[in-house]
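Inside the fold
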Amino acid sequence: MSTVGDKKSEKSDKSVRKKIDELGEELAYLQRKSRELGIPVLIIVEGLSAAGKGTLINRIIQPLDPRGFKVSCIASPNRDEQLRPFLWRFWRRTPSADRMAIFDRSWYRNLLDSTINRTLQEDELIKAYADVRAFERQLRDGGTVFFKIFLDISKKEQASRLAAMQGNPATAWRVNDAVLARHTRYTDYKKAVETMFEETDDLNDSKWIKISAKDGRKAAAQAISRIVNGLSKRVSQEQAKPSALHSVRRLPAFRSAPSLKNADLSLTLSKDTYREMLTVRQERIEYLHHELYRQRLPMVIVYEGWDASGKGGNIRRLTEEMDPRGYEVIPTAAPNDVEKAHHYLWRFWTEFPKAGHVTIFDRSWYGRVLVERVEGFCTEQDWKRAYREINEMEENFDHFGTAIVKFWIHIDRDEQLRRFQSRQENPKKRWKLHDEDWRNRDKWEPYKEAVEEMFLRTHTQYAPWTVIEGNCKRYARIKTLDVTIAAIEKKIAQKSK
């Protein structure tokens, strides 16, 4: 015979189920609208052990079109992931404009474990939280709708659930030593979680959704309700105002930035002197390349410059004596459809080198503030915001111990014209010349203005720009070798301290 309390509980349970069903229908509709409007959606579910993260995720996805989402279970980083900045593996999983990404645990698991186990020094933890805040803001500014859910339970409830899981042959495997260790240090984890909230809960568009997980269905109703409300708001904004939703803060400026005005394009080297200098420097680069690998230091080299400035030949001389297994050259063309569906930095993050390897970008993320700015492929707000985003990405690389050099190969208009004409007259080189090159030449002054501002906004201590005087290709090649050698030697010296 059921009691009055049982009937009330049953009625309440039915009410919650009904609410979840209704919310599910609305969420499915919003999933379709988000896809139509090109809105990426990212949901991360964090929580204490045994809080019911998997169950919650299952309730969230039940009403959704399975073709429009992907659930990623974030485990400890594998060997390949350990050889890159810790956010690299999450950048690779960020959603495209037509997908919803759901993370069972996230980058916060790394930070919590690092806090408890003291695997990061205090200054390293501060940098890691700064990187996370920048990462989340970049995703939001790029159009991603972001939800951060944290499921909380008491230590007593956690102990009860872990015991039940251990007693069930189907779930006993989930209660491993690491889970039991987290339970033993429950109080420490709660303190670490509070620190996490303090460090990352100060942004209006990315506040934590903190939910008691004692009642799984009520927790699901609360979580789905918050997701529905957030998506509804964003869909309405996108429909009413398709322009950018975020303001641009004060732009960075670095007084020590180089300028094209100061480049001495009359600098030259004779062939004999060049050959002697090239041999010495290539031998040094060969040795230092092995040292980078031995000491597990990654390196990123960026090549930008005018059309026909000699980037390709310069890269060949730089890499001629390097071990081909330890470097890769990434030629950056216009983004394809897949790349356009992601944050513009996504395709560059995915190419970040493993520790000990070198990645050379023949054109790069600076296209955002150069060609995309000049040609109108993005809004003014987009390219102005990009300065800060680029600086933050490069600072993240630096936090990982990356050696970074950035080259602008500079030539004057007369030299560019001579090289264009030479290519046009030579059947073996004619393929290098395109109609677009002539069109870009007509926009020399707007590009020059963009280059100067690029230097001013992104010439940082950890990722400085070097203007390479390129009218004489021999001189340009030696200078890039010298700058690269100095950067590697400096990074090796810093690591040995």
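The structure we're discussing is the one just above.
Let me sum up the structure you'll find in this document. Keep in mind that what you see is a predicted model, and the values were worked out from it rather than measured. (Residues numbered from 1 in each chain as written. Predicted model: local features only at pLDDT ≥ 70, side-chain atom pairs only at ≥ 80, totals over all residues. Heavy atoms only, no water.)

Section: the side chain of Arg 84
To be explicit about the condition: Numbering goes from the N terminus for both helices and strands, where a helix is a DSSP run of H or I of at least four residues and a strand is a run of E of at least two. Definition of a polar contact: a pair of N or O atoms within 3.5 Å, with one able to donate and the other able to accept a hydrogen when the atoms are protein atoms, and with sequence-neighbouring residues admitted only if both atoms are side-chain atoms. By definition in these notes, contact holds between two residues if any of their heavy atoms fall within 4.5 Å.
Here Arg 84 is to be found in the loop between α3 (79-82) and α4 (88-91). A distance of 2.8 Å separates a polar side-chain atom of Arg 84 from the backbone oxygen of Phe 352. Leaving out residues up to four positions away in the same chain, Arg 84 has contacts with Phe 352, Pro 353, Lys 354 and Phe 400.

Focus: helix α9 (residues 186-200)
Put simply, the rule is: Given the number of residues in a helix, its expected span is that number minus one, multiplied by 1.5 Å. Relative accessible area decides the class of each residue, using a 1.4 Å probe on protein chains only: under 20% of the type maximum gives buried, over 50% gives exposed, and in between gives partly exposed. Starting at the helix axis, one direction is taken to each C-beta atom, and the arc is that of these directions.
In this model, α9 (15 residues) spans 21 Å end to end at C-alpha, consistent with the 21 Å of a helix rising 1.5 Å per residue. Buried within α9 we find Tyr 186, Tyr 189, Ala 192, Val 193, Met 196, Phe 197 and Thr 200. Each buried residue of α9 lies within a common arc of 145° when the element is viewed along its axis, so the set occupies one face. Exposed side of α9, more than 90 degrees from the buried face: Lys 191 and Glu 198 are the residues found there. Check the buried side of α9 and you find it contacts α5 (107-117), α6 (122-141), β4 (145-152), α7 (155-166), α8 (177-184) and β5 (208-212).

Structural notes on the pairing of strand β10 (residues 465-469)
What counts is decided by this rule: Two strands qualify as a pair provided DSSP detects at least 2 bridges between them.
The buried count for β10 comes to 5 of 5 residues, which makes it a mostly enclosed element. Of the two faces of β10, the one carrying Trp 465, Val 467 and Glu 469 and the one carrying Thr 466 and Ile 468 are both buried. Relative to β10, strand β9 (residues 403-410) runs parallel, the two being bridged by 5 bridges. Considered in β10, the bridge of Lys 406 is made with Trp 465.

Things to note about empty space enclosed by the protein
Convention followed: Definitions used throughout: a 1 Å grid over protein atoms alone; a cavity as a set of points that fits a 1.4 Å probe which cannot get out; a pocket as an open set with protein on both sides within 12 Å along at least five of seven lines; a lining residue as one with an atom within 4 Å of a point. Grid points are joined across faces, edges and corners, and a volume is the space filled by probe spheres set on the points. Each residue is assigned to one of three groups, with Ala, Val, Leu, Ile, Met, Phe, Trp, Tyr, Cys and Pro labelled nonpolar, Asp, Glu, Lys and Arg labelled charged, and all others, Gly among them, labelled polar.
Counting across every chain of the model gives 3 cavities of 30 Å³ or more. Around the largest cavity, the lining residues are Gly 47, Leu 48, Ser 49, Arg 109, Leu 112, Phe 150, Gln 158, Arg 182, Tyr 186, Tyr 189 and Val 193. Within the residue set of the lining of the largest cavity, elements represented by two or more residues are α5 and α9. Per-element tally for the lining of the largest cavity: the top contributor is α9, with 3 residues. Of the residues assigned to the lining of the largest cavity, the class counts are 6 nonpolar, 3 polar and 2 charged.

Comments concerning the sheet that holds β9
Filter applied, for reference: Note on method: axes are straight lines fitted to C-alpha atoms, helices fitted across the in-contact stretch only, with angles between N-to-C directions ranging 0 to 180 degrees.
Read across the open sheet, the 5 strands follow the order β7-β8-β6-β9-β10; overall the sheet is parallel. Of all the strands in the sheet, the pair left with one neighbour each is β7 (327-331) and β10. Going across the sheet, the axis of each strand differs from the next one's by a mean of 20°, ignoring polarity. In the packing of helix α12 (residues 311-319) onto the sheet, the strands contacted are β6 (299-305), β7, β8 (358-362) and β9, and the crossing angle to β6 comes to about 155°.

Focus on the packing of aromatic side chains
Given two aromatic rings, one states the distance between the centres and the angle between the planes to describe the pair. Counted only if it meets this: Think of it this way: a Phe, Tyr or Trp ring, Trp meaning its six-membered ring, pairs with another when their centres are within 6.5 Å, and the plane angle makes it stacked under 30 degrees, edge-to-face over 60, tilted otherwise. Note on geometry: a ring has a charge over it if NZ (lysine) or CZ (arginine) is within 6 Å of the ring centre and within 35 degrees of the ring normal.
Evaluation of the coordinates by the stated rule reveals 27 aromatic pairs. Centre to centre, the rings of Tyr 366 and Trp 465 are 4.8 Å apart; their planes meet at 65°, and the pair counts as edge-to-face. Of this pair, Tyr 366 sits in the loop between β8 and α15 (371-375) while Trp 465 is found in strand β10, placing the two residues 99 residues apart along the sequence. Of the two residues, Tyr 366 and Trp 465, neither departs from the other in class, the shared state being buried. Over the ring of Tyr 344 we find Arg 368; its NZ or CZ atom is 4.2 Å from the centre of that ring. Sitting over the ring of Trp 383, Arg 373 keeps its end group 4.0 Å from the ring centre.

Read these as geometric descriptors, not functional statements.
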